[in-house]
Amino acid sequence: MPTGLVALISDLVPLAIAILSFPILGVGLSRRQWAGTAISIAGVLIVSGHSFSVGFAHFWAYLLRVVGMFFFAMVSVLQKRFGSVHLPIHQSLAIQCLSAALFFAIWASLDSGLVPPADIRFGIGILWLIFVATYVCFGVYYLTLRTFSAAKVSSVVHLSTPFTMIWSASAFAESLSAAMFLGLVVSLAGVWMASWRQ
């Protein structure tokens, strides 16, 4: 799947959370928050527009990405709904990681086997995935979800695409375009509108 399409689907999490918040939490978004969400999505489209294409993946790959995005939104809202059951963050992450490990172990055993490649780059990637992407990123996400509304926390997700472009430029010497900077500014404005409190 093209990265632009993956980023766009991932950045629809705040929209899904906004839609699910009313029936599950009884909390609707204000007009300003809806406008902020729409502006943030526009910023993501501006940033990823140059790399946006449908691609040639199988239908199930697209469906799996959309279902994953929906379940991430659903779990975020349900976590807020049943907030009285406060698992420590490390336990929440352990459940999440073990569930994912079971799924991917089954998938890998059907495809290429369970033996990881003996490559230093693979090892560094796994360490990054464990400590930064999982413990730091999801830890902060769960911590903020306990403090703020699900819609406010998820609105910051829109900043992932512009900042990923900036990170890619610094790490891999990829060129940044004026559209990427414009998209970052638009996304920041949308996040500010969605999370601003009167």
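Described in the following lines is the structure provided in the data block.

1. Structural notes on the overall build of the protein
Then, in step 1: Across its full length, the protein carries nine helices and zero strands.
Then, in step 2: Secondary structure of the protein in N-to-C order comes out as α-α-α-α-α-α-α-α-α.
Then, in step 3: Counting over 198 residues, the protein shows a buried share of 32%.
Then, in step 4: Long-range contacts, defined here as pairs at least 24 residues apart, represent 84% of the contacts in the protein between residues at least 6 apart.
Then, in step 5: Taken as a whole, the protein presents about 12,300 Å² of accessible surface, with 75% of it coming from carbon and sulfur.

2. Observations concerning the layout of surface pockets
Empty space left among the atoms is revealed by rolling a probe the size of a water molecule over them.
Then, in step 1: The space that makes up the second largest pocket amounts to roughly 210 Å³.
Then, in step 2: In this structure, the second largest pocket is lined by I124, W128, T164, W167, S168, A171 and F172.
Then, in step 3: At the level of secondary structure, the elements contributing two or more residues to the lining of the second largest pocket comprise helix 6 (120–147) and helix 8 (160–172).
Then, in step 4: Top element by residues in the lining of the second largest pocket is helix 8. It accounts for five residues.
Then, in step 5: A breakdown of the residues in the lining of the second largest pocket according to their chemical character gives five nonpolar, two polar and no charged.

3. Describing a nonpolar patch on the surface
Then, in step 1: A surface patch of nonpolar side chains, about 640 Å² in accessible area, is lined by F122, I126, L127, L129, I130, F131 and Y135.
Then, in step 2: Its place among the elements puts F131 in helix 6.
Then, in step 3: What makes F131 partly exposed here is its relative accessible area of 49%.

4. Quick look at the pattern of salt bridges
Charged atoms that come close allow side chains of opposite charge to pair.
Then, in step 1: According to the stated counting rule, one finds one salt bridge in the structure shown.
Then, in step 2: One salt bridge connects R121 with D119, and the closest N-O pair in it is separated by 3.1 Å.
Then, in step 3: On the basis of relative accessible area, D119 is assigned to the partly exposed category, the value being 31%.

5. Observations regarding the side chain of T134
Then, in step 1: Take T134: it is sitting in helix 6.
Then, in step 2: Given the relative accessible area of 11%, T134 is considered buried.
Then, in step 3: From its side chain, T134 meets the backbone oxygen of L129 in a polar contact 2.8 Å long.
Then, in step 4: Discounting chain neighbours no more than four positions away, the residues touching T134 are L93, C97, L129 and G139.

6. As for the packing of helix 2 (residues 13–25) against helix 4 (residues 59–81)
Then, in step 1: At their nearest, the axes of helix 2 and helix 4 sit 9 Å apart, and the two run at 40° to each other. With respect to their mutual orientation, helix 2 and helix 4 come out oblique. Like other packed secondary-structure pairs, helix 2 and helix 4 cross with a definite hand, here right-handed. On helix 4, the residues that touch V13, A16, I17, L20, S21, I24 and L25 of helix 2 are M69, F70, F72, A73, M74, S76, V77, L78, K80 and R81.
Then, in step 2: Grouping the amino acids of the contact of helix 2 with helix 4 by side-chain chemistry returns 13 nonpolar, two polar and two charged.

7. Some remarks on helix 5 (residues 89–111)
Then, in step 1: Its 23 residues place the ends of helix 5 32 Å apart at the C-alpha level, agreeing with the 33 Å of an ideal helix rising 1.5 Å per residue.
Then, in step 2: Looking at helix 5, one finds that the buried residues are I89, S92 and L93.
Then, in step 3: Where helix 5 is buried, its residues contact helix 6.
Then, in step 4: One or two steps after helix 5, the chain reaches G113, where phi turns positive at roughly 100°.

8. What to know about the environment of F122
Then, in step 1: Within the secondary structure, F122 is located in helix 6.
Then, in step 2: A relative accessible area of 36% places F122 in the partly exposed class.
Then, in step 3: Ignoring anything within four residues of it in the chain, the contact list for F122 reads P116 and P117.

Definitions and limits used
Per-chain numbering applies: the sequence of each chain, read as written, is numbered from 1 onward. Totals for whole chains, interfaces and linings use all residues, but because this is a predicted model, local features are given only for residues with pLDDT of at least 70 and pairs of side-chain atoms are given and counted only at 80 or more. The basis for the side-chain values is all heavy atoms of the structure; hydrogens and waters are excluded. Numbering of helices and strands starts at the N terminus; helices are DSSP runs of H or I of at least 4 residues and strands are runs of E of at least 2. Remark: exposure states derive from per-residue accessible area (1.4 Å probe, protein chains only) relative to the maximum for the residue type, with buried under 20%, exposed over 50%, and partly exposed in between. Any two residues having at least one pair of non-hydrogen atoms within 4.5 Å are treated as being in contact. The Shrake-Rupley method, run with a 1.4 Å probe sphere, supplies the accessible areas, and residue values consider only the shown protein chains as cover. Two kinds of site are reported from a 1 Å grid over the protein atoms alone, namely cavities, where a 1.4 Å probe fits but cannot get out, and pockets, open sets with protein on both sides within 12 Å along at least five of seven lines, and residues are called lining when an atom falls within 4 Å of a point. Grid points are joined across faces, edges and corners, and a volume is the space filled by probe spheres set on the points. Classification convention: Asp, Glu, Lys, Arg as charged; Ala, Val, Leu, Ile, Met, Phe, Trp, Tyr, Cys, Pro as nonpolar; all other residues, Gly among them, as polar. Residues enter patches when they are more than 30% accessible in relative terms and free of salt bridges; like-charged ones are connected within 9 Å and nonpolar ones (Val, Leu, Ile, Met, Phe, Trp, Tyr) within 5 Å. Every case where a carboxyl oxygen of Asp or Glu lies within 4 Å of a side-chain nitrogen of Lys or Arg is listed as a salt bridge. Identification of polar contacts relies on pairs of N or O atoms within 3.5 Å, with a donor-acceptor requirement for protein atoms, meaning one able to donate a hydrogen and the other able to accept it, and with residues adjacent in sequence counted only if both atoms are side-chain atoms. Whenever a helix is involved, its axis is fitted only over the stretch in contact; in every case the axis is a line through C-alpha atoms, and angles between N-to-C directions fall within 0 to 180 degrees. Should an angle fall under 35 degrees it is taken as roughly parallel, and over 145 as roughly antiparallel, whereas 65 to 115 is taken as roughly perpendicular and any remaining angle as oblique. Crossing chirality is assigned from the near helix's rotation relative to the far helix, an anticlockwise turn below a right angle marking it left-handed and a clockwise turn marking it right-handed. Here a helix's expected span is defined as the number of its residues, less one, multiplied by 1.5 Å.

Coordinates in, geometry out; function isn't part of it.
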